Amino acid sequence: MGVALTRAAQWTAAGIGVGKLEFTPLNISLLNSIIKFVEYVSSKHPQEAALVFREPLEWKSNLEISGFGADYQISKKTVVSKENVDGNPLLILDASTGVIKVSTFHQLAKLLEIAQKEKLKETQACLEANRDPIAKILGPSFATVEGEDKSMLRLLEKVKKGDEEPEAEAQMKLLLLLQQLDMQLLNTSLQKISQEVRLNPQAIKNDVQLLQSFSGEGDLTVLKSINYTSEYEFSNGCRAPPWRQVYGDICYLIINTHDTETLYVTCNTAGVYLNGGLVKDSEDIIYDRSGDIYKDLITFLKEKSPIFAENLNRVQQNFVLQKKPPSTRKSQKAEVAINEELESERFSEYQDKNKFERKKPPPKPKTRDTKKEEASFVHRTLESSHRLSVSDGSEEFSESSTESEEEKQDMNRQQESNADLPSEYWQIQKVVKYLKGGNQTATVIALCSMRDFNLTNETCQLAIRDVGGLEVLINLLDTEETKCKVGSLRILKEISKNPQIRRSLAELGGLQIMVKILDSSNKDLKCLAAETIANIAKFRRARQTVRLHGGIQRLVGLLDCVPTSAQLTAEQEKDIEVARCGALALWSCSKSKKNKDAIRKAGGIPLLACLLKSPHENMLIPVVGTLQECASEPSYRLAIRTENMVKNLVRNLSSESEELQMHCARAIFKCAEDEETRNLVRTHFGLGPLVTLVSKSYNKQLLAAATGAVWKCAISMENVERFKHLKVAETLISLLIGQPEEVLINVVGALGQLARDPVIRGAIRRSGGIDPLVNLLTGTNNALLVNVTKAVGECAVDAENMSIIESLDGVRLLWSLLKKPNPDIQASAAWALCPCIENAKEAGEMVRSFVGGLELIVNLLKSDDMEVLASVCAALAKIAMDEENLAVITDHGVVQMLSSLTYTRDDMLRQHLADAVACCCKWGNNRVAFGETGAVAPLVHYLKSKSPLVHRATAQALYQLSFDPNNCITMHENGVVKLLLNLMDSTDEVLQEAAAGCIANIRRLALANEKARYK
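Each value, and the rule that gives it
All residue numbers refer to positions counted from 1 along the written sequence of the respective chain. Reporting in this predicted model follows two pLDDT cut-offs: at least 70 for local features of residues, and 80 or more for side-chain atom pairs to be given and counted; totals over whole chains, interfaces and linings ignore these cut-offs and use all residues. The side-chain numbers reported here are obtained from all heavy atoms of the structure, hydrogens and water having been left aside. In this description, strands pair whenever DSSP reports at least two bridges between them. For helices the rule is a DSSP run of H or I covering at least 4 residues; for strands it is a run of E covering at least 2, with both sets numbered from the N terminus onward. Every axis in this analysis is a line fitted to C-alpha atoms, fitted for helices over the stretch in contact. Angles between the N-to-C directions lie between 0 and 180 degrees. Any two residues whose heavy atoms approach within 4.5 Å are treated as being in contact. Put simply, a nonpolar core is a bunch of buried Ala, Val, Leu, Ile, Met, Phe, Trp, Tyr and Cys residues held in one set by side-chain atoms that sit within 4.5 Å of each other. Partly exposed residues are those whose accessible area sits between 20% and 50% of the maximum for their type, while under 20% is buried and over 50% is exposed, using a 1.4 Å probe and protein chains only. When describing relative orientation, an angle under 35 degrees is termed roughly parallel and one over 145 degrees roughly antiparallel, while 65 to 115 degrees is termed roughly perpendicular and anything else oblique. Should the near helix be turned anticlockwise from the far one by less than a right angle, the crossing is termed left-handed; should it be turned clockwise, right-handed. Put simply, Ala, Val, Leu, Ile, Met, Phe, Trp, Tyr, Cys and Pro go in the nonpolar bin, Asp, Glu, Lys and Arg in the charged bin, and everything else, Gly too, in the polar bin. Two cysteine sulfurs form what is called a disulfide whenever their separation falls within 2.5 Å. It is the directions from the helix axis to the C-beta atoms that the arc portrays. Centres within 6.5 Å are what make two rings of Phe, Tyr or Trp a pair, Trp counting through its six-membered ring; a difference in plane orientation under 30 degrees is then read as stacked, over 60 as edge-to-face, and the rest as tilted. One fewer than the residue count of a helix, multiplied by 1.5 Å, yields its expected span. The term polar contact refers here to a pair of N or O atoms within 3.5 Å; inside protein, the definition further demands a hydrogen-donor-capable atom paired with an acceptor-capable atom, and it admits residues adjacent in sequence only when both atoms are side-chain atoms. Within this document, salt bridges are pairs made up of a side-chain nitrogen of Lys or Arg and a carboxyl oxygen of Asp or Glu, the two lying within 4 Å of each other. pLDDT is defined as a per-residue confidence score from the predictor, taking values between 0 and 100. Without a salt bridge and with relative accessible area above 30%, a residue can belong to a patch; like charges are then joined within 9 Å and nonpolar side chains (Val, Leu, Ile, Met, Phe, Trp, Tyr) within 5 Å. Areas reported here follow the Shrake-Rupley algorithm with a probe of radius 1.4 Å; residue values treat only the protein chains shown as occluding. Residues scored as positive are Lys and Arg, those scored as negative are Asp and Glu, and His as well as the terminal groups of each chain are ignored. A charged residue contributes its charge at one atom only: NZ of Lys, CZ of Arg, CG of Asp or CD of Glu.

Okay, the sheet that holds strand S7 (residues 99-102) next. Sheet strands pair by backbone hydrogen bonding; their relative direction is either parallel or antiparallel. Strands sit in the order S1-S7-S6-S3-S2 across an open sheet of 5 strands; the sheet is antiparallel. Each edge of the open sheet carries a strand with a single partner, namely strand S1 (57-60) and strand S2 (72-74). Across this sheet, the average inter-strand angle for adjacent strands is 10°, counted without regard to direction. Here strand S6 (residues 91-94) pairs with S7 via 3 bridges, running antiparallel. Bridge pairing in S7 links Leu93 to Ile100. In the packing of helix H4 (residues 105-115) onto the sheet, contacts are made with S1, S2, strand S3 (78-81), S6 and S7, and the angle to S7 comes to roughly 140°.

Time to look at the nonpolar core. In terms of nonpolar packing, the biggest core is built from 226 residues, with Ile889 and Leu898 touching the most fellow members. Residue contacts for Leu898: discarding those within four places in its chain leaves Leu861, Cys873, Leu913, Ala916, Val917, Cys920 and Phe930. In terms of nonpolar packing, the next biggest core, distinct from the first, is built from 42 residues, Leu30, Leu51, Trp59 and Leu93 among them.

Two elements in contact, helix H34 (residues 687-694) and helix H36 (residues 717-726), have axes whose closest approach is 10 Å; the angle formed by their N-to-C orientations is 50°. Put simply, H34 runs oblique to H36. When you trace H34 past H36, the crossing you get is right-handed. Contacts between H34 and H36 involve Leu687, Gly688 and Val691 on the former and, on the latter, Asn719, Arg722, Phe723 and Leu726. A per-class count over the contact of H34 with H36 returns 4 nonpolar, 2 polar and 1 charged.

Spatial strand order, S8-S9-S10-S11: 4 strands in an open sheet with antiparallel pairing. Whereas interior strands pair on both sides, the edge strands pair on one side only; in this sheet they are strand S8 (225-228) and strand S11 (271-274). Each strand of the sheet is rotated relative to its neighbour by a mean of 25°, with strand direction disregarded. Two strands pair when backbone bridges link them, and S8 and strand S9 (residues 249-256) are joined in this way by 4 bridges, in the antiparallel orientation. Bridge pairing in S9 links Asn227 to Ile254. Its contacts with the sheet put helix H11 (residues 297-304) on S8, S9, strand S10 (263-268) and S11, and the angle it makes with S11 is roughly 35°.

The tally for this structure, following the rule as stated, stands at 0 disulfides. The structure places no disulfide on Cys581, whose sulfur is separated from the nearest cysteine sulfur, that of Cys527, by 4.0 Å. Relative accessible area serves as the criterion here: at 0%, Cys581 is assigned to the buried category. Free of any disulfide, Cys834 has its nearest cysteine sulfur in Cys836, 8.9 Å distant.

A word on the pairing of S10. Counting buried positions along S10 gives 5 out of 6 residues, so the element sits mostly inside the fold. Where S9 and S10 come together, 6 bridges link them in antiparallel fashion. The residue of S10 that forms the bridge with Tyr252 is Thr266. Counted between consecutive antiparallel strands, the loop separating S9 from S10 contains 6 residues.

With that settled, consider the packing of helix H44 (residues 823-839) against helix H47 (residues 866-879). For the pair H44 and H47, the least separation of the axes is 8 Å and the interaxial angle reads 20°. One way to sum up the angle between H44 and H47 is to call them roughly parallel. For the pair H44 and H47, the sense of crossing is left-handed. Between H44 and H47, the contacting residues are Pro823, Gln826, Ala827, Ala830, Trp831, Cys834, Ile837 and Glu838 on the first element and Glu867, Val868, Ala870, Ser871, Val872, Ala874, Ala875, Lys878 and Ile879 on the second.

Next up on the list: helix H25 (residues 551-558). Along an α-helix, a turn takes 3.6 residues, which lines up residues three or four apart on a common side. Buried within H25 we find Gly551, Ile552, Leu555, Val556 and Leu558. Projection of H25 onto a plane perpendicular to its axis shows the buried side chains occupying an angular sector of 150°, all on one side. The secondary structure elements touched by the buried residues of H25 are helix H22 (510-517), helix H23 (523-536), helix H24 (540-548), helix H26 (570-589), helix H27 (593-601) and helix H28 (604-611).

Okay, the packing of aromatic side chains next. Within the structure shown, the criterion is met by 9 aromatic pairs. Arranged with centres 5.6 Å apart and planes meeting at 70°, the rings of Tyr294 and Phe300 form a pair that is edge-to-face. Ring centres 6.3 Å apart and planes at 35° place the aromatic pair Phe669 and Trp711 in the tilted group. Residue Phe669 is found in helix H32 (residues 658-671), and its partner Trp711 is found in helix H35 (residues 700-713); the two are separated by 42 residues along the sequence. By relative accessible area, Phe669 is classed as partly exposed at 23%. Classification of Trp711 by relative accessible area gives buried; the value is 14%. Among the aromatic residues, those joined into a cluster by ring pairs are Phe37, Phe53 and Phe105.

The terminal C-alpha atoms of H47 lie 20 Å apart, and with 14 residues this matches the ideal 20 Å at 1.5 Å per residue to within 8%. Inspection of H47 places Val868, Leu869, Ala870, Ser871, Val872, Cys873, Ala874, Ala875, Leu876, Ala877 and Ile879 among the buried residues, and these make up the whole buried set. The backbone nitrogen of Glu867 lies 3.0 Å from a side-chain oxygen of the residue at the head of H47, namely Asp865.

So, about the pattern of salt bridges. In this structure the tally under the stated criterion is 35 salt bridges. The partner of Lys497 in a salt bridge is Glu494, with the nearest N and O atoms 3.7 Å apart. By relative accessible area, which is 22% here, Glu494 ends up partly exposed. Between Asp882 and Arg848 there is a salt bridge, with its nearest N and O atoms 2.6 Å apart. Placement of the pair is Asp882 in the loop between H47 and helix H48 (883-891) and Arg848 in helix H45 (residues 843-848), with a sequence separation of 34 residues. Judged by relative accessible area, Arg848 falls into the partly exposed class, the value being 27%. When salt bridges that share partners are traced, they join Lys493, Glu531, Glu577 and Arg580 into one network.

Within the protein, residue pLDDT values average 82, and 83% of them lie at 70 or more. pLDDT under 50 marks residues 13-17. Its contacts with residues more than four places away, or in other chains, come to 16 contacts. Confidence over residues 321-419 falls short of pLDDT 50; this stretch has 124 contacts with residues more than four positions distant or in other chains.

Judged by which residues are buried, S11 turns out to be covered on both faces: Gly271 and Tyr273 on one side and Val272 and Leu274 on the other are all buried. Direction of pairing for S10 relative to S11: antiparallel, over a ladder of 4 bridges. Paired with Cys267 across the bridge in S11 is Val272. Counting the residues in the hairpin turn of S10 and S11 gives 2 residues.

So, on to the side chain of Thr954. Here Thr954 lies in helix H53 (residues 948-961). According to the relative accessible area criterion, Thr954 is buried, its value standing at 0%. Discounting residues that sit within four places of it in the chain, Thr954 has contacts with Ala914, Leu939, Tyr942 and Leu943.

To continue, consider the environment of Leu177. With respect to the secondary-structure elements, Leu177 resides in helix H8 (residues 168-193). The spatial distance from the C-alpha of Leu177 to the C-alpha of Val41 is 8.4 Å, given a sequence separation of 136 residues. Leu177 has contacts with Phe37, Tyr40, Val41 and His45, leaving out every residue within four places of it along the chain.

So, on to a positive patch on the surface. The grouping of Lys76, Lys77, Arg905 and Lys944 at the surface amounts to a positive patch. By secondary structure assignment, the location of Lys944 is in the loop between helix H52 (936-942) and H53. When its relative accessible area of 54% is taken as the criterion, Lys944 is described as exposed.

Quick look at the structure:
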């Protein structure tokens, strides 16, 4: 199923974001086959159908809750299957978001039965959200890969182990069934595809140009007019806006025929069809399809306009007559019928003739800037024996990638006068002339002579480019002479380090040829090609070109060697060098998100894991560099953990190479986002080496990586305990002054995590760390401010630390950060204010001293960010402890704003919102106001939450609200008594007391009513 989805299914070819399955006959056929397969597995293979997926298939469903039957537990919020494994339901549907999670084929089949007429849509949504379902069903090791797939062999080994993997046999059967499905889907798609011809921008453009040449007002013209709705053409040839290119749209046409109304036409990769026309009094297009899809523009017009078909037929006959000798034209006029195949063939001939006979525009005057481009173009054209490969425009319309910002180099070089150019510039130009005109021997000699120059010098590099040497060097790569290829690649490897040169090489098609060289049997050629690719693939378009021409699969193939032994033969050393160069190229390519996916699908992860065990340092640096670049993706972090790579990363932290140490630390920094990885780093004794690296303050890149790894590892309290014994806090405090922001962000983040331990909080104070931390609150870097506020907040938990913070005016600085527009800073500052207010000696007076501070924090309740709302509620709960402050925030409308938030489903916000409500009830008529603004009924429903912290805060809020009779009535109507009675069994005494108090108040009100009734 994974291979069929990758190769056979028709996905949208352009646009930004995740592709969609197009609504085409081929895709419908594939979807129906997959539906039948799911139903077949459920009915004929019950053991395999009951096998629980490694990860549930998750997608956004449109099914209604009412459609689920007795096999499911249905509530207002969720639907869960009664069938479960270890208490975990095999199907979960969240009604609020529509997200569904399914964990077995049996449940998938039941879901399809429930879906009925919506089967196709649900299957399509599932496959769009899970592009490689086999990886989720059987695990990451079975992910769809290009080339040789060894997943079956690995599974066979598990079956042989027997007891260790009891489910392995069922997994093997299921994998075989899935592979059979793949073959069936691929065969089906081949039959369908062989009958289809998909359109591309160039084909549409040719048809439109041809029809325009035969359009006009005369009766014998094929059309009155045909025009594009937009004259702007994107670089991929499309005229549709990018957000419509996602759906395969190429352009939109307005066609006036002789016998129909104006036709508004959409040209799509799937075919040509009528759209809804133009919006009234606007130039906007109604994109919805109206009618059938036709294979091309000519077929569409023939169907819609009989006069077009008639006039086109006449034009074709005239063209045939013009091609015949005069003696045969008369007999040709007598013929009435024209064979259909001959008709299309002649029309194609005419199309080609028209294309070449079209009047050419007058040449533009050559400017100084365009002469070089023209000369380069002419040179490439005349070199017919060495044509440069150019990618077809129909291959991919547009490319979206989420990689980091591509390098920003100044590509404009100041023109230097001839007198300022060194002699090497002119000497290299002479050598290039010999390179162009000599035989094989002269070419090799010229290449050797060129290598004698200092090719790392920018003047020499640009001299080669300016005289057209790059085109010649690329052409040499397309010859059959190995010596010429090697010599050319050695030069290209050196000069491609220049940003201008690497862009020129990519534009001239050099990357495509280098990718082909990776298939060569000559290992030297493969090494040089991979290293040159590594230099060129520093910018986005080059990385895209490598992927589109199969470079990722070939580079991954270079990694397949066995480097674990220390003693190597000459042949093994060459293999290792090939693998090193391949890893180097993958490192450059891995800055693109799509390339990361391509490396994973090509089977690169197991090979990188194998190379990570190598004792060779020069091999390890590019391997670890690739891994740390890819570790930003969750799938890679999972693989690094499961393939036991963490152990080798920790081992290399003690390497003698600081560059290798830096990359290992960076990889741990990214991977330690996951708790299991943090535990593995501690288990493999990695915390000690990290602390050692933190002391190397002279190497800023290494320091940033090491402090980042310490920060992420310190998220786990077990690691904090270990760091406490290693006295890392004292070392980090010494780095708070005089370091770049990249280092400071990580240092402060680490201190924020470590300060959760009371002993470390004391150590920070004794080491003088409070003062520099407070000083950093005046910075401008958003990430640094988020971490600093967290660190100051953690330190403020200690009363002695709080006294120092207050004396340094730290609370005022924290409060001022609430004005920042960044929600992360707002939330972090509000969380930090909670312990500050709680532990300050004169908290109420301190808060009132901030002019406009209370109004500012109350107005933050209008934020759309959940984290901001929760943190502000927590801070308001602390502020409301002071009666005067409570009166002020009441005047600022805190009751109404808190009431408007009570319908939230976020448990964190619920907890702190309930706390704030409980504290605000203690002033004036606030209890009554909460009841009047509708806050009571939603609070009752909080008691159904699974969070004990929400229960505790809600019970306290309800207890305070229950002192108002009307609130008691509302609570009783919403079933609060039963819910509170259940909570009175809790071991939390505060919760017990609040629940009992609330019930007592309700009961007192009931008794008072009864007495009043009988008087």
